[in-house]
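Residues per chain are reported as follows:
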There are 2 protein chains.
Amino acid sequence: MARKSGSHAQITGPKVLKAAERLFARHGFAAVTMRQIAAEVGVQAGALYLYTPDKQSLLADLMITHLRELLAALPPADPDPLAALEGFVRFHILHHLSRRDAVFVAYMELRSLSPGNFAAVEALRHAYEDHLEAILQRGMAAGVFRPRDSRLATLALIAMLTGVTTWYREGGRLLPEAVAEQYIALARDTLGALPDRGTS
Amino acid sequence: MARKSGSHAQITGPKVLKAAERLFARHGFAAVTMRQIAAEVGVQAGALYLYTPDKQSLLADLMITHLRELLAALPPADPDPLAALEGFVRFHILHHLSRRDAVFVAYMELRSLSPGNFAAVEALRHAYEDHLEAILQRGMAAGVFRPRDSRLATLALIAMLTGVTTWYREGGRLLPEAVAEQYIALARDTLGALPDRGTS
DNA sequence: GTCTATACCTAGATAGAC
DNA sequence: GTCTATCTAGGTATAGAC
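Residues numbered from 1 in each chain as written. Chains lettered and ligands numbered in written order. Predicted model: local features only at pLDDT ≥ 70, side-chain atom pairs only at ≥ 80, totals over all residues. Heavy atoms only, no water.

## Things to note about the overall build of chain A
Scanning chain A for helices and strands turns up nine helices and zero strands. Listing each helix as α and each strand as β along chain A from the N terminus yields α-α-α-α-α-α-α-α-α. Overall, chain A is about 70 × 40 × 25 Å in size when its C-alpha atoms are taken along their principal axes. By the burial criterion, 50% of the 200 residues in chain A qualify as buried. (Helix = DSSP H or I, 4+ residues; strand = E, 2+ residues; numbered from the N terminus. Buried < 20%, exposed > 50% of the residue type's maximum accessible area, 1.4 Å probe, protein only.)

Pasting the structure below:
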């Protein structure tokens, strides 16, 4: 049989990435085959190689693109540490709930990256963590947050927030914005934020 | 050539599980081959099937055994909510630092489980979460912890604590017991624990 | 109890027709 | 740009010698 229809380069390329993201998130990079991705896109396996040199590049592209977008979408930190924390937490939660597949892949498939790609991804993750740590350090210096090991607190907070992806289900009892509010209250207390004791 | 030496069933069995745990933690279940496991143990691939019916059972055995041990080792909850929280956090951190490979596999390879094995593992994880949630609920009822959505707070805390596995390196600046103390302080504050404001 | 040998299958990736 | 067909490598799991 000839090809199903004409040329679709402009449309097929993004579809390949989307399909790979979905499948990698659900089954893991190593467990997904190029044929599965192709089936999801609606082409034959060989055709995928028009859009990626190999499977590894597909993964690296997904992760690096996602992390770049994450960094670019990060809201500028408010001068007020409490407001900055709130802005960061809301952003993190809403982003993680709206881009679940990409987030999941970015966290779970670090070990599937080649060394070179791993280094690139780690640098981007590091930049993201540094953004939050700077907020924490300013808050601690200002006496708004309880003095702490800022690195450990940063990593603890990010782990706490990212955990939302493991339990949140669409259509559950909480809307994303409500989830964000809950995590904002938790984060504020975790840092021992000073004003508003008991009102959050 | 004949076999290298005599019979080693008693020793080879555990070695297979240990090797699988190590390799699954480092590379992921799907990425690890039976030949790799066999090489790590020092036997040929075929010999593994004396100790496991298949690769999937190897994974399920590792996860279920680990989670059973985790539950069995859980310290009984102190009647005092703050002491109970402290005991839980210390236990969780020290356990997660001392059994890193098993913990990592248990968290990362849920999606590699067959449906039946997944259900068994989920039940065990659920029991563990329930243990912490009960502590939180008692503390909230007693007015020691700030009123919260106890389920969300439970999952947030566990995510925060479990995150230690992503950054802790042996030989780093903090000993495990010091890490546990830091997380105890964070957990106490996350729950808005009432006494001792400012002294932790 | 472990080995060697191998059956059988599916993987990633490429070549050439259309 | 996509297909079909195919190469080569390596996967899980089994059979039978020792």
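Once the structure has been displayed, the description carries forward.
## Notes on the relation of the copies chain A and chain B
Superposition record for chain A on chain B: RMSD 0.0 Å, screw rotation 180°, translation along axis 0.0 Å. Expressed as an axis order, the relation between the two copies is that of a two-fold axis. When the interface residues of chain A are mapped onto chain B, 100% of them again lie at the interface, so the same face is used by both copies. (Least-squares fit on C-alpha atoms with pLDDT ≥ 70 in both. Contact = heavy atoms within 4.5 Å.)

## Side note on the domain arrangement of chain A
For an interface, size is often stated in terms of accessible area lost upon the parts coming together. Residues and elements named next belong to chain A. Taken as a whole, chain A is organised into domain 1 (9-52) and domain 2 (57-190). Taking only C-alpha atoms, the centre of domain 1 and the centre of domain 2 are 27 Å apart. With twelve residues of domain 1 in contact, the opposing surface of domain 2 contributes twelve residues. Its largest share of buried area at the contact with domain 2, domain 1 owes to Glu-21, Ala-25 and Phe-29, together 47% of the area lost on that side. In this structure, Arg-26 engages Asp-101 in a salt bridge whose closest nitrogen and oxygen atoms are separated by 3.4 Å. In this structure, the connection of domain 1 to domain 2 is made through two residue pairs in polar contact (both at pLDDT 80 or more). (Domains from an automatic or database assignment. Buried area = accessible area lost by both parts, 1.4 Å probe. Salt bridge = Lys/Arg side-chain N within 4 Å of Asp/Glu carboxyl O. Polar contact = N/O pair within 3.5 Å; in protein donor to acceptor, adjacent residues only side chain to side chain.)

## Regarding the UniProt feature "domain: HTH tetR-type" (unreviewed entry) in chain A
The UniProt feature table records "domain: HTH tetR-type" (unreviewed entry) at residues 10-70 of chain A. Between the end C-alpha atoms of residues 10-70 of chain A there is a gap of 24 Å, over a span that is 69% helix and 0% strand. (UniProt positions renumbered as here; feature names shortened; annotations may be inferred.)

## What about the side chain of Glu-129 of chain B?
All names here are of chain B. Of note, Glu-129 is situated in helix α6 (residues 115-141). Under the relative-accessibility criterion, Glu-129 is labelled buried at 14%. Each residue touching Glu-129, except ones within four places of it in the same chain, is listed here: Arg-151, Thr-154, Leu-155 and Ile-158.

## Remarks on the packing of helix α3 (residues 55-73) of chain A against helix α5 (residues 100-108) of chain A
All names here are of chain A. Where α3 meets α5, the axes come as close as 9 Å, and the angle between the chain directions of the two elements is 110°. Accordingly, the angle class assigned to the pair α3 and α5 is roughly perpendicular. As α3 packs across α5, the resulting crossing turns out to be left-handed. For the pair α3 and α5, the contacting residues are Leu-59, Met-63 and His-66 in the first and Ala-102, Val-103, Val-105 and Ala-106 in the second. A breakdown of the residues in the contact of α3 with α5 according to their chemical character gives six nonpolar, one polar and no charged. (Axes fitted to C-alpha atoms, helices over the stretch in contact; angles between N-to-C directions. Parallel < 35°, antiparallel > 145°, perpendicular 65-115°, else oblique. Left-handed = near helix turned anticlockwise from the far one by under 90°. Nonpolar A, V, L, I, M, F, W, Y, C, P; charged D, E, K, R; others polar.)

## What about the packing of aromatic side chains?
Within the structure shown, the criterion is met by six aromatic pairs over all chains. Taking the centre distance of 6.0 Å and the plane angle of 70° together, the rings of Trp-167 of chain A and Tyr-168 of chain A count as edge-to-face. Under the relative-accessibility criterion, Trp-167 of chain A is labelled partly exposed at 21%. Taking 5.1 Å as the distance between ring centres and 70° as the angle between the ring planes, the aromatic pair formed by Phe-24 of chain B and Phe-29 of chain B counts as edge-to-face. In this structure Phe-24 of chain B comes out as buried when scored by relative accessible area, which is 0%. Positioned over the ring face of Phe-29 of chain A is Lys-55 of chain A, at 4.5 Å from the centre of the ring. (Phe/Tyr/Trp six-rings, centres within 6.5 Å; stacked < 30°, edge-to-face > 60°. Lys NZ or Arg CZ within 6 Å of the ring centre and 35° of its normal.)

## Thoughts on the interface of chain A and chain B
Counting from both sides, the interface comprises 38 residues of chain A and, opposite them, 38 residues of chain B. Across the chain A/chain B interface, buried area totals approximately 3,100 Å², and carbon plus sulfur atoms make up 55% of it. Between chain A and chain B we count eight salt bridges in total. Note that Arg-148 of chain A and Asp-189 of chain B form a salt bridge whose closest N and O atoms lie 2.2 Å from each other. Going through the elements one at a time, α1 (9-27), α5, α7 (150-162) and α9 (176-190) of chain A are the ones with two or more residues in the side of chain A that touches chain B. Of the residues that constitute the side of chain A that touches chain B, the class distribution is 19 nonpolar, nine polar and ten charged.

## Focus: the pattern of salt bridges
By the definition in use, this model includes 32 salt bridges over all chains. Arg-151 of chain A is paired through a salt bridge with Asp-130 of chain A; the nearest N and O atoms lie 3.1 Å apart. On the criterion of sequence distance, the pair formed by Arg-151 of chain A in helix α7 and Asp-130 of chain A in helix α6 (residues 115-141) is long-range, its members being 21 residues apart. The exposure class assigned to Arg-151 of chain A is buried, which follows from its relative accessible area of 19%. Taking relative accessible area as the criterion, Asp-130 of chain A reaches 34% and is therefore assigned partly exposed. When the shortest N-O distance is used, the salt bridge between Arg-146 of chain B and Asp-189 of chain A registers 2.8 Å. Within this pair, whereas Arg-146 of chain B is found in the loop between α6 and α7 (150-162), its partner Asp-189 of chain A is found in helix α9, the two belonging to separate chains.

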